[in-house]
Amino acid sequence: MGGLVRSKSKAFVYTAHLLAAAAAVMVLVWCIHFRGGLAFESANKSLIFNVHPVLMLIGFIIMGSEATMIYRTLPWSKRVKKTIHLVLHAIALVLGVFGIYFAFKFHNESGIDNLYSLHSWMGLGTICLYGIQWILGFVTFLYPGASVFLRTAYLAWHVLFGVFVYLLAIATAELGFLEKLTFLETLGMLHRYSREAFLVNSTALVVILLGASVVLSLVAPYIDYSNIYTAD
């Protein structure tokens, strides 16, 4: 039975890796091929905006996904995995902050108001909660480190809150895809049945499946399969 549990967890991990790779390729195709490319500075402000979804998806969500699953993927010692877990989350946090910066930069240089949508509210809230989660994890589990009693007591809440923030990030990304697609269609810049619209919607679906696979990879080992559908 234990082998079954581990194999189910690995199946979700491998699925998440494949979906992450697919999502990364899809968002790059969208922003570079359909939206014209990426730029830190440009007279075409849309190129500046394009940096936002690339950093938020590849840098924040995908990097965060890999950090979340690190305990399921590496055979190394617990301390090494803990350090890599924190480092990858730190990278995701920094790239997420830069991703939000480019959204603000695009708005400011284009004369568009900031923080008027649910997507922007959730995005800012998510990045703040992510930062709080990282700081608490660092000081509790790495340096200076809490007592064994406090670490044990906090661990379950750390995992639970981490999953909550991760799902919040997935939900925020979905709102972002919807907002951008609606914006382009409303302005007549994109036909609702175009290849680009199909790609954006498909990317959003892949991100949902990625989030589900990551969460399932975490919970699968803790499911007591012996009490499910017994022969009695």
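Anything mentioned here points back to the structure above.
What this report covers is the structure whose coordinates are included nearby. (Residues numbered from 1 in each chain as written. Predicted model: local features only at pLDDT ≥ 70, side-chain atom pairs only at ≥ 80, totals over all residues. Heavy atoms only, no water.)

**Things to note about a nonpolar patch on the surface**
A cluster of nonpolar side chains, contributed by Leu115, Leu118, Trp121 and Leu124, occupies part of the molecular surface with about 410 Å² of accessible area. Inspection of the secondary structure assignment puts leucine 115 in the loop between α4 (78–110) and α5 (118–142). The exposure class assigned to leucine 115 is partly exposed, which follows from its relative accessible area of 36%. (Patch = residues over 30% accessible without salt bridge, like charges linked within 9 Å, V, L, I, M, F, W, Y side chains within 5 Å. Areas by Shrake-Rupley, 256 points an atom, 1.4 Å probe, with all protein chains shown as cover. Salt bridge = Lys/Arg side-chain N within 4 Å of Asp/Glu carboxyl O. Helix = DSSP H or I, 4+ residues; strand = E, 2+ residues; numbered from the N terminus. Buried < 20%, exposed > 50% of the residue type's maximum accessible area, 1.4 Å probe, protein only.)

**Thoughts on the layout of surface pockets**
Gaps between atoms show up when a probe of the same size as a water molecule is rolled over them. Looking at the largest pocket, its volume works out to about 950 Å³. Lining the largest pocket are 32 residues, with Tyr71, His85, Leu155, His158 and Val159 positioned closest to its centre. Elements represented by at least two residues in the lining of the largest pocket include exactly α2 (45–68), α3 (70–73), α4, α5, α6 (148–186) and α7 (195–219). Take the lining of the largest pocket: its biggest share by element is 13 residues, from α6. Of the residues in the lining of the largest pocket, the class split is 19 nonpolar, 9 polar and 4 charged. (1 Å grid on protein atoms, 1.4 Å probe; cavity = no way out; pocket = protein on both sides within 12 Å on 5 of 7 lines; lining within 4 Å. Points joined across faces, edges and corners; volume = space filled by probe spheres on them. Nonpolar A, V, L, I, M, F, W, Y, C, P; charged D, E, K, R; others polar.)

**Re the environment of glutamate 66**
Looking at where glutamate 66 falls in the secondary structure, it is placed in helix α2. Put simply, glutamate 66 and alanine 20 are 46 residues apart on the chain and 8.9 Å apart in space, counted from C-alpha to C-alpha. Residues in contact with glutamate 66, not counting those within four places in the same chain, are His17, Ala20 and Leu88. (Contact = heavy atoms within 4.5 Å.)

**Points about the pattern of salt bridges**
Opposite charge on two side chains allows them to pair when their charged atoms are near. On inspection of all chains with the given rule, the structure shows 4 salt bridges. Here lysine 105 and glutamate 41 are joined by a salt bridge, their closest N and O atoms 2.9 Å apart. In this pair, lysine 105 sits in helix α4 while glutamate 41 sits in the loop between α1 (2–34) and α2, placing the two residues 64 residues apart along the sequence. Among the residues examined, lysine 105 registers a relative accessible area of 9% and is labelled buried. A relative accessible area of 58% means that glutamate 41 is categorised as exposed.

**Examining the nonpolar core**
In this structure, Trp30, Leu57, Phe60, Ile61, Ile62, Phe177 and Leu210 are the most contacted members of the largest nonpolar core, which totals 42 residues. Those elements that provide at least two residues to this core are α1, α2, α4, α5, α6 and α7. Grouped together as the second largest cluster of nonpolar side chains are 6 residues, Ile48, Phe49, Val51 and Leu55 included. (Core = buried A, V, L, I, M, F, W, Y, C linked by side-chain atoms within 4.5 Å.)

**Quick notes on unusual backbone geometry**
Note the cis peptide between tyrosine 143 and proline 144, where omega equals 0°. Mapped onto the secondary structure, proline 144 falls in the loop between α5 and α6.

**Some words on the packing of α5 against α6**
One can describe the packing of α5 onto α6 by two numbers: an axis separation of 9 Å at closest approach and a directional angle of 155°. Accordingly, the angle class assigned to the pair α5 and α6 is roughly antiparallel. α5 and α6 meet at a crossing whose hand is left-handed. A class-by-class count of the residues in the contact of α5 with α6 yields 15 nonpolar, 10 polar and 2 charged. (Axes fitted to C-alpha atoms, helices over the stretch in contact; angles between N-to-C directions. Parallel < 35°, antiparallel > 145°, perpendicular 65-115°, else oblique. Left-handed = near helix turned anticlockwise from the far one by under 90°.)

**Re α2**
In this model α2 runs 34 Å from its N-terminal to its C-terminal C-alpha over 24 residues, within 8% of the 34 Å that 1.5 Å per residue would give. Its axis deflected by about 30° at leucine 55, α2 carries its strongest bend there. Among the 24 residues in α2, 19 count as buried, and that is most of the element. (Expected span 1.5 Å × (residues − 1). Bend = angle between axes of the 7 residues up to and from the residue.)

**Some details on the packing of aromatic side chains**
As enumerated under the stated definition, the model contains 8 aromatic pairs in all. Ring plane angle 50° and centroid distance 4.8 Å describe the contact between phenylalanine 60 and tyrosine 130, whose orientation is recorded as tilted. Remark: tyrosine 130 occurs in helix α5 and phenylalanine 60 occurs in helix α2; sequence separation between them is 70 residues. Between tyrosine 101 and phenylalanine 102 the ring centres are 5.2 Å apart and the planes differ by 75°, which places this aromatic pair in the edge-to-face class. In textbook terms, an aromatic cluster arises when at least three aromatic residues are bridged by ring pairs, as seen for Phe40, Tyr101 and Phe102. Looking at lysine 180, its charged tip hangs above the ring of phenylalanine 49, at a distance of 4.1 Å from the centre. (Phe/Tyr/Trp six-rings, centres within 6.5 Å; stacked < 30°, edge-to-face > 60°. Lys NZ or Arg CZ within 6 Å of the ring centre and 35° of its normal.)

Shape is all these values report; function is a separate question.
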